Amino acid sequence: MSFQNYLTAELEKLGQAENWPEFDTARAAVEPPRDAAHGDMATNAAMVLAGQVKQNPRALGEKITEILKNHPDVTAAEVAGPGFVNFRLKPEIWQSCLKTVLESGTAYGDSDIGRGRHVNVEYVSANPTGPLTAGHARGAVVGDALAALMQKAGYEVIREYYINDAGAQVEKLARSVYLRYREALGEEIGEIPEGHYPGEYLKEVGEALKNRDCTMWTEAEEKDWLPVCKEIALEMMMEEIRRDLQDIGIKHDVFTSEQAIIDAGAVDEAFSILEGRDLIYTGVLEPPKGGQRPDDWEERPQTLFRATEFGDDVDRPLKKSDGSWTYFANDIAYHWDKYKRTQGALINILGADHGGYVKRLSAAVTALTEGKASVECKLCQMVHMFDNGEPVRMSKRAGTFVTLRDIIDKVGGDVLRFIMLTRKNDQTLEFDFAKVVEQSKENPVFYVQYAHARCCSVLRNAVEMFPDADLSDAALAEANLSLLETEEDLALIRLMAGWPRFVRSAAEAAEPHRIAFYLQELAAAFHAFWTKGRGETQLRFLLEDNRPLSMARLALVRSVALVTASGLAVMGVQPVEEMHA
RNA sequence: GCGCCCGUAGCUCAGCUGGAUAGAGCGUUGGCCUCCGAAGCCAAAGGUCGCAGGUUCAAAUCCUGCCGGGCGCACCA
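Being a predicted model, the structure only gives us computed values, none of them experimental.

Caption draft 1: Layout of the side chain of Asp165. With respect to the helices and strands, Asp165 occurs in the loop between strand S6 (156–163) and helix H6 (168–184). Of the side chains bearing the opposite charge, Lys230 lies closest to the buried Asp165, which forms no salt bridge; the N-O distance is 8.2 Å. A polar side-chain atom of Asp165 sits 3.1 Å from the main-chain amide nitrogen of Glu258.

Here you go:
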């Protein structure tokens, strides 16, 4: 029985015995205290209940102390501060945690809080009009790590990519490709005109079209070559995007095409549902006040969705002036489709520049599903690129920007992934090409990997020292773990014992970056232990003349490696076993 | 003008969904290599948690209003 349940049950009894008024223990928690010096576990129950049952918190704390002391695993308990009850557990409780780690491997920390429920994580979803950039990289990593985290927490996860292959942007793309096609045929095209994508990356698309169709389209009209250019451009761009993603270990389960959603009539369907609920009307929007008023603003009636009824600031247009659907209308249909397919929660990972979009989207989802579902949008703030402290100049208009491919080539996927998770998603992130490959403690990637490598190194040395010993995880799990009784041993064990709790709360908060911070903390504790062993022989992992303790310490070291690997797996980073200069 | 996000040590950032004396890295100062990897560790100094109210046993955390910075603001995606 958990301490939480034990305590609530005992408090119920006490309440009856002492004739307390009605009380609620929901906010009474049993948790490890923030400061380990306070003990192994602590509860705020006395403070939560004091007001409800009209008793002095410290006096109530004394009674709770007695209750806890009766628990077989508790060795000591005391009231502290304003009414906390701190208590200590038998060392065996902690030591046995290592056995669990060794038996579970990297599955340690898995939980079932998701209870198999479905969650759809949509991420990247970059326009297929160019290569993925540094900004996309962040969303890609955050989304993928979140998906892995939810999986570890017991959710059934669908990883999805929405391809914006309809609308004006892809037509612009197609026209740009047509220019490159004519260029490939030897024509002098000069400067790429306004309203086209200037990037060099389209040259190879034009080239490919030339190689396939020769001069077939040179004399054709736009209505004939446009679909051709569009198709080949989309195909090649998506291929490149998939390849980039694959090279950082990202593979989506589902790619959904915006055009396919439209073609399937899903937009009409969603529209008529909303219309049936009287959520569509024709009206005139006010222009935005203040400095940002567009100069080409024309006041005219539009087909609007009553987003304001669901918390948005204004009602939102569903049709453009030419009568076609807006992006938003398509997106409503897409989310309706996604909801029907997913049968569960929807999470979108978006760039910060889409911040103004989330209210209308959740309004639409709430409206369509009649409140049965909602979409949670996580916004990733911008990534600022540096090289050794110098900002890397980027200009979208000139077509010069740092691509995901650049980063992979320069620092590799593991570094990229780790660094992208070293900030909370709504915090801007600095990415410095020079710093992220530095081999020192200020680089968290290195610091954590180094800890893992050191663990592996100890295990390699153990083979030398005890050639006849069975050092498999199963064997180490049977070591005499009660020998791990120093404060240093227990500190490390406590940290690892908290891993499952940590994973759960990170999953509940949908914050994968926390994993990176946990791993740094674990690495720090391990490095500290290591260094202490240099001075105090008894704190070394391997003691030639003390085989039982060595085996127990190996169980500890191996556990550190496994927990680290377990965390890195969520982040999608490969643990390294050796690092040499 | 409106909406969303951010404001915590000199700098870059955590802070486990309201808990005890607010933490880490860099930088500064001073220590630790006959011994498992010193690419590491230990210690010291450094804070009105942007400001002002409010909620309660308890606020960096929740609410309101300001101040400062970022992003966005019909028919783009």
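There is more to say after this.
Caption draft 2: Up close: the protein's contact with RNA strand B. With respect to spatial proximity, 73 residues lie near RNA strand B, and among them Lys320, Gln439, Lys441, Asn461 and Arg534 are the closest. In RNA strand B, atoms within 4 Å of the protein come from the sugar-phosphate backbone in 58% of cases. In the environment of RNA strand B, a sugar or linking oxygen lies 2.4 Å from a nitrogen or oxygen atom belonging to the side chain of Asn127. Elements that contribute at least two residues to the surface near RNA strand B include exactly helix H2 (45–53), strand S4 (84–89), H6, helix H15 (444–465), helix H18 (499–509) and helix H19 (513–535). Each residue belonging to the surface near RNA strand B can be placed in one class, and the counts come to 26 nonpolar, 25 polar and 22 charged.

Caption draft 3: Representation of unusual backbone geometry in the model. Despite not being glycine, Glu370 shows a phi value in the positive range, around 50 degrees. As for its placement among the helices and strands, Glu370 is situated in the loop between helix H12 (358–368) and strand S12 (375–380). The class for Glu370 is exposed, based on a relative accessible area of 53%. The phi angle at Ala510 is positive, at roughly 55 degrees, despite the residue not being glycine. With respect to the helices, strands and loops of the structure, Ala510 is situated in the loop between H18 and H19.

Caption draft 4: Here's a closer look at the domain arrangement of chain A. Assigned domains within chain A: domain 1 (3–89), domain 2 (168–247) and domain 3 (444–571). Just the C-alpha atoms count here: the centres of domain 1 and domain 3 sit 32 Å apart.

Scoring rules and cut-offs
The numbering scheme is per chain: residues are counted from 1 as the chain's sequence reads. For this description, chains carry letters from A and ligands carry numbers from 1, given in the order in which they are written. Residue-level local features of this predicted model are given only where pLDDT is at least 70; pairs of side-chain atoms are given and counted only at 80 or more, and the full residue set underlies all totals for whole chains, interfaces and linings. Think of the side-chain values as coming from all heavy atoms in the structure, minus any hydrogens and water. Each helix is a run of H or I in the DSSP string that is no shorter than four residues. Each strand is a run of E no shorter than two, and both are numbered from the N terminus. The classification of residues rests on relative accessible area computed with a 1.4 Å probe and restricted to protein chains. Under 20% of the type maximum is buried, over 50% is exposed, and intermediate values are partly exposed. Only four residue types enter the tally: Lys and Arg on the positive side, Asp and Glu on the negative side, with His and both chain ends excluded. Just to be clear on terms, a salt bridge is a Lys or Arg side-chain nitrogen sitting within 4 Å of an Asp or Glu carboxyl oxygen. In the analysis that follows, any N or O atom pair within 3.5 Å is treated as a polar contact, provided that within protein one partner can donate a hydrogen and the other can accept it, and provided that, for residues neighboring in sequence, both atoms belong to side chains. Nearness of a residue to a molecule or strand requires only that one of the residue's heavy atoms be within 4 Å of it. Following the grouping adopted for this structure description, the nonpolar residues are Ala, Val, Leu, Ile, Met, Phe, Trp, Tyr, Cys and Pro, the charged ones are Asp, Glu, Lys and Arg, and the polar ones are all others, Gly among them. Domain start and stop positions are those given by an automatic or database domain assignment.

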